[in-house]
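# Close look at the chain arrangement
Here is what each chain is made of, one letter per residue.
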There are 2 protein chains.
Amino acid sequence: MTAFSRFTPLATSLPATVPFVGPEAIERQRGTSVRARIGANESGFGPAPSVLRTIGEKAGEIWKYNDPENHALKVALAAHLGLKPDNFVIGEGIDDLLGLIVRLVIEPGMPVVTSLGAYPTFNFHVHGFGGRLVAAPYRDDREDLDALLDLAKREHAPLVYFANPDNPMGSWWDADSIVTFARALPPTTLLILDEAYSETAPEGSIPAADALIDLPNVIRTRTFSKAYGLAGARVGYGIGTAGTVSAFDKIRNHFGMPRLSTEAALAALADQAYLKDVVQRIKAARERIADIARTNGLTPLPSATNFVAIDAGRDGVYARAIVDGLMGHGVFIRMPGVAPLNRCIRVSTGLPADLDLFEQALPQVLEALG
Amino acid sequence: MTAFSRFTPLATSLPATVPFVGPEAIERQRGTSVRARIGANESGFGPAPSVLRTIGEKAGEIWKYNDPENHALKVALAAHLGLKPDNFVIGEGIDDLLGLIVRLVIEPGMPVVTSLGAYPTFNFHVHGFGGRLVAAPYRDDREDLDALLDLAKREHAPLVYFANPDNPMGSWWDADSIVTFARALPPTTLLILDEAYSETAPEGSIPAADALIDLPNVIRTRTFSKAYGLAGARVGYGIGTAGTVSAFDKIRNHFGMPRLSTEAALAALADQAYLKDVVQRIKAARERIADIARTNGLTPLPSATNFVAIDAGRDGVYARAIVDGLMGHGVFIRMPGVAPLNRCIRVSTGLPADLDLFEQALPQVLEALG
């Protein structure tokens, strides 16, 4: 393979690894079909029927570029959360926003604080801009707020990533602790507070929408990919001070948002009754996943998300064997990438039929592994 | 507005200007409605009915992330163009790919060669990564291949942007000249050959799909936004050697492509009969726009695209007044941004009803301007 000879030294140094291998790629590699797609924390419950109707109604407008200012969605989000439209930036999923934030803040060699085993796509972006990851271990399967704060101060880090609720463990903090943590950070440290799973979190665990809106060094990220059931639409948003979020306009792909995705997000936001119902179904599915785990002698971890991390009781090799074994039955799940988190497997909530397949396959896989 | 205090010096230095103001923003600013949307080189003819059917059929899968490897679309494009799947990179429109290319190649201060008045979004990305634009003037309303080659050599530039057919002028070169140009560039200069308007170009103006596929320093970019009528879907692609296009995997937003957009692109590619029909309708609309221009004493330029640049015969101030005047009639058009190109207005092809509105409004606007 002959490549252009003059990519930047940074680009040349980067590995071609990807943050996640998709289930379609696994299907192609193994020649098998996914029968239960419960590995990527998507929502098998799907979006609201009202969202699908909207897509049908608006499909004919797909020849038009989307409004590059994303005005309507910002206005709707502002009304929903009691903030102002200029507190929002819209992006092609949180992944897009994470890349833009790293680009705005990180120069090669700068330290970036995260937790050891936290969201790999954030790490991908940090590497992509030459940042130096400094990671605090999880404590009791939770991200360690005290350790993150200490690291940020010690390293004089310009950027900290923290997710609440957490992926891949499903754990969470109370809102007060998070507000205290954010306010204790130096103003020269930007906090990414990733709230991708906020809709499924328990009462008291998500700071009020305006709790941190006075802080220019905080950006909260949210998405329509999880409880709203729109992972394929790629709609994420960031919340911050008007001054901070306006920085995205300097570098973002202004015409990047797909038109039908924005329409879908607007419809999803308007249908809070459906969201409420889905959150109940997600909770029920979490309980069922936990029951299946216990029935098989494994230990489910408490979860504030649309997935359950299950402690398989041994090491990463064993957990990987379970993941691979389940795929042999057409059950697609994932697992954390780093010890000691990787003693767990991670199962997304989904339809009863999906969990039936998981329930049938798991004991067979465990028995085969011995 | 209080912003985070520690964005990179580069980010801090960037202006908050945007490449293009969308028609929706103009509507909000002026309190008027667009009645004829013929300014952004979208396709008012829309995508094929088969594409809209596909969107309806696949909408229910929007809860799933898209295949991050974009396998199916690469395979389909490879079959369509007689290349291999690994000659392709898929992105969220050409705009996304342009940003990624600049990031892969440009470090602050490096020279980047383009034409004076060529695609502003490319310039936006060059500025965004701290590149230094070096521009060759157009010659006879065409990009000047000899001047671009000379500049690239003189500056030892790592990156050159060239569009064929050209936006904003609609002009084009013959395929042989482009192949000669590409092969004359130093191997340390990466050529972006932007072929967004290739589908509407005359016979003999687009190099064969494999004409440059041996060159690691050429990336050709194409899109479903123009003749295929899918601007709102955001699907662009790049063609190059396997080695060169694999570099995108190091930095791209792997889960960035919307699922329905990919489905729409696949369906559009499969319906070449519709494309052929639309291209005929675009040609007819070009002729009608040219007729309208001549009837009003203006001079249409020949066009290989889905728009027509019209020489209004005076300066940029006058052309701007025409653009603004037309918007007062609900007719949204655009114009080149730089002299001497900005003596022109630029009118996209569209449905007869859209051109009727243009035909009615133009003489009134010209008369009011005197």
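Analysis parameters
- Numbers given to residues run from 1 along each chain, matching the order in which its sequence is written.
- Think of it this way: whatever chain is written first is A, whatever ligand is written first is 1, and the rest follow in order.
- Local features are withheld for residues below a pLDDT of 70 in this predicted model, meaning they are given only at 70 or higher, and side-chain atom pairs are given and counted only at 80 or more; totals for whole chains, interfaces and linings count all residues.
- Note that water and hydrogens are dropped before the side-chain values are worked out from all heavy atoms of the structure.
- Pairs of residues are marked as contacts when any of their non-hydrogen atoms sit within 4.5 Å.
- Buried area: the sum, over both parts, of the accessible surface (1.4 Å probe) that disappears when the two are put together.
- We define a salt bridge as a side-chain nitrogen of Lys or Arg found within 4 Å of a carboxyl oxygen belonging to Asp or Glu.
- Definition of a polar contact: a pair of N or O atoms within 3.5 Å, with one able to donate and the other able to accept a hydrogen when the atoms are protein atoms, and with sequence-neighbouring residues admitted only if both atoms are side-chain atoms.
- A run of H or I in DSSP becomes a helix once it reaches four residues, and a run of E becomes a strand once it reaches two; helices and strands are each numbered from the N terminus.
- Under the convention adopted here, Pro, Cys and the residues Ala, Val, Leu, Ile, Met, Phe, Trp and Tyr are nonpolar, Asp, Glu, Lys and Arg are charged, and Gly plus all remaining residues are polar.
- Only protein atoms enter the 1 Å grid used here, on which a cavity is any set of points holding a 1.4 Å probe that cannot leave and a pocket is any open set flanked by protein within 12 Å on both sides along at least five of seven lines; residues with an atom within 4 Å of a point are listed as lining.
- Grid points are joined across faces, edges and corners, and a volume is the space filled by probe spheres set on the points.
- By convention here, the domain bounds are inherited from an automatic or database domain assignment.
- Here's how the labels work: a residue is buried when its accessible area is under 20% of the maximum for its type, exposed when over 50%, partly exposed in between, all with a 1.4 Å probe on protein chains only.

### Focus on the interface of chain B and chain A
At the junction of the two partners, chain B supplies 89 residues and chain A supplies 90 residues. Note on chain B versus chain A: buried area summed over both sides is about 7,300 Å², and carbon and sulfur give 62% of it. The three residues of chain B that bury the most area against chain A are Arg6, Trp63 and Tyr65 of chain B, which together make up 12% of that side's buried surface. Our count for the contact surface shared by chain B and chain A stands at six salt bridges. Between Arg28 of chain A and Glu69 of chain B there is a salt bridge whose closest N-O contact spans 3.0 Å. Between the two partners, chain B and chain A, sit 36 residue pairs in polar contact (both at pLDDT 80 or more). No other element matches the five residues that helix H5 (residues 93-105) of chain B contributes to the side of chain B that touches chain A. For the side of chain B that touches chain A, the class distribution of residues is 42 nonpolar, 28 polar and 19 charged.

### Regarding the layout of surface pockets
Once rolled over the atoms, a probe with the size of a water molecule shows which space is left empty. Residues and elements named next belong to chain A. Approximately 620 Å³ is the volume found for the largest pocket. For the largest pocket, the lining is made up of 32 residues, of which Phe20, Arg320, Arg334, Met335 and Gly337 are closest to its centre. Put simply, the parts of the chain that give the lining of the largest pocket at least two residues each are helix H2 (23-30), strand S3 (111-115), helix H6 (120-128), strand S4 (132-136), helix H12 (316-328) and strand S11 (331-332). Ranked by the residues each element gives to the lining of the largest pocket, the list is headed by H12, at four residues. Residues belonging to the lining of the largest pocket are distributed by class as follows: 20 nonpolar, seven polar and five charged. Here the lining of the largest pocket spans two domains, and each of domain 1 (21-46 + 273-369) and domain 2 (49-270) adds at least three residues to it.

### Quick notes on the pattern of salt bridges
Counted according to the given criterion, the structure contains 38 salt bridges over all chains. Of the charged contacts, one joins Arg37 of chain B and Glu24 of chain B as a salt bridge, the two residues approaching to 3.0 Å between their closest N and O atoms. Of this pair, Arg37 of chain B sits in strand S1 (residues 36-37) while Glu24 of chain B sits in helix H2 (residues 23-30), and the two are 13 residues apart along the sequence. Assessed through its relative accessible area of 13%, Arg37 of chain B is described here as buried. Linked by salt bridges that have partners in common, Glu24, Arg37 and Glu42 of chain A together with Glu61 and Arg259 of chain B make up one network.

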